[in-house]
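# Structural characterization, general
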Amino acid sequence: MIAALDGSRVDGPAYTDVVDLARHAPVWLDDAVSAWSTYGLALFAVLMAVGWWHARRADAAAAVTALAVPFAAVAAYGVDAALKLLVREERPCQSLRVSTLEACPAPGDWSFPSNHAAIAAAAAVALLFASRRLGALAVVAACAMAFSRVWVGAHYPHDAVAGLVVGAVTALLAMVPLRRGHAEALAGRLAATPLRPLLAVAP
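Residues numbered from 1 in each chain as written. Predicted model: local features only at pLDDT ≥ 70, side-chain atom pairs only at ≥ 80, totals over all residues. Heavy atoms only, no water.

Moving on, we get to the confidence of the model for the protein chain. Confidence in the prediction of the protein chain, expressed as mean pLDDT, is 86, and 85% of residues score 70 or more. Helix α8 (residues 157–190) is the least confidently modelled element of the protein chain, averaging 81 in pLDDT, while helix α7 (residues 132–151) averages 96, the highest of any element. (pLDDT = per-residue confidence, 0-100. Helix = DSSP H or I, 4+ residues; strand = E, 2+ residues; numbered from the N terminus.)

This is how it looks when you write it as structure tokens:
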């Protein structure tokens, strides 16, 4: 374990600028960003389901690639959670004592990196392997998610950026092997299990 990171020394002024901007923004904008920050990850789940459904129309290997997307997101969450325990950075709302749109988490709910950003980025990068169109949409949504976490006051900007990096790198490490021919082999193995219906090509 390393000494706890003081995030305010990294980009505290940038964080307070964004939070101040949010406090003076129109109510409808704050409500929209807050809703996205809280519920936006559901969109990535929908995109994963759509990607898998369309992949079934191609072949079993494509379906396996699409089915790997949520596993990449879960892996990114795990890596992110481990980093939180290692770095132990206090939430900016605790360190800087500012008023934020989102209620300040309790002490011990560490800030670095952003879980939301990591999950969103992992889903977006992994989706690019299954569908470029869905992946491109998810990339934009992931960036919006990362920004929203700063806007509502939950994270410093560097937390959000680090979350995007963690998620993207984790997804690449998970998905690249499937592009090297392993998807076909895995599809063959899964075809002999009760999971076979997940790989079936739609009529």
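Applying the stated criterion across every chain yields a total of one disulfide. Residue C93 pairs covalently with C104 via a disulfide, S to S 2.2 Å. One quick way to see it: the torsion about the S-S bond of C93 and C104 is about 85 degrees, and its sign makes the bridge right-handed. One end of the pair, C93, is in helix α5 (residues 92–95); the other, C104, is in the loop between α5 and α6 (115–130), with eleven residues separating them in the sequence. (Disulfide = S-S within 2.5 Å.)

Let us look at unusual backbone geometry. Of note, the amide linkage connecting F112 to P113 takes the cis form, showing an omega dihedral of -10 degrees. Inspection of the secondary structure assignment puts P113 in the loop between α5 and α6. Look at R88: it is not a glycine, yet its phi comes out positive at around 55 degrees. Residue placement: R88 occurs in the loop between α4 (60–87) and α5. The residue R97 is not glycine, and still its phi comes out positive at about 55 degrees. Examined against the element boundaries, R97 turns out to sit in the loop between α5 and α6. Taking the relative accessible area as the measure of exposure, R97 reaches 71% and is therefore exposed. (Buried < 20%, exposed > 50% of the residue type's maximum accessible area, 1.4 Å probe, protein only.)

This part covers the packing of helix α3 (residues 41–55) against α7. At a minimum axis separation of 10 Å, α3 and α7 run at an interaxial angle of 170 degrees. As judged from the angle between their axes, α3 and α7 are roughly antiparallel. Every residue of α7 that contacts α3 at L41, L43, F44, L47, V50 and G51 is listed here: L134, L137, A138, A141, A142 and M145. (Axes fitted to C-alpha atoms, helices over the stretch in contact; angles between N-to-C directions. Parallel < 35°, antiparallel > 145°, perpendicular 65-115°, else oblique. Contact = heavy atoms within 4.5 Å.)

We now examine the pattern of salt bridges. Side chains that differ in sign of charge can pair as their charged atoms come close. The final tally for this structure, using the stated rule, is three salt bridges. Residue E102 pairs with R149 through a salt bridge whose shortest N-O separation is 3.0 Å. Here E102, found in the loop between α5 and α6, pairs with R149, found in helix α7; they are 47 residues apart in sequence, far enough to count as distant. Given a relative accessible area of 22%, E102 falls into the partly exposed group. (Salt bridge = Lys/Arg side-chain N within 4 Å of Asp/Glu carboxyl O.)

Before going further, it helps to spend a moment on the nonpolar core. F44, V69, A126, A138, A171 and M175 are the most contacted members of the largest nonpolar core, which totals 25 residues. Elements supplying a minimum of two residues to this core: α3, α4, α6, α7 and α8. Broken down by element, this core gets its largest block of residues, eight residues, from α6. Each residue touching M175, except ones within four places of it in the same chain, is listed here: T65, A68, V69, A72, A126 and F129. Grouped together as the second largest cluster of nonpolar side chains are 15 residues, A25, A117, V152 and Y156 included. (Core = buried A, V, L, I, M, F, W, Y, C linked by side-chain atoms within 4.5 Å.)

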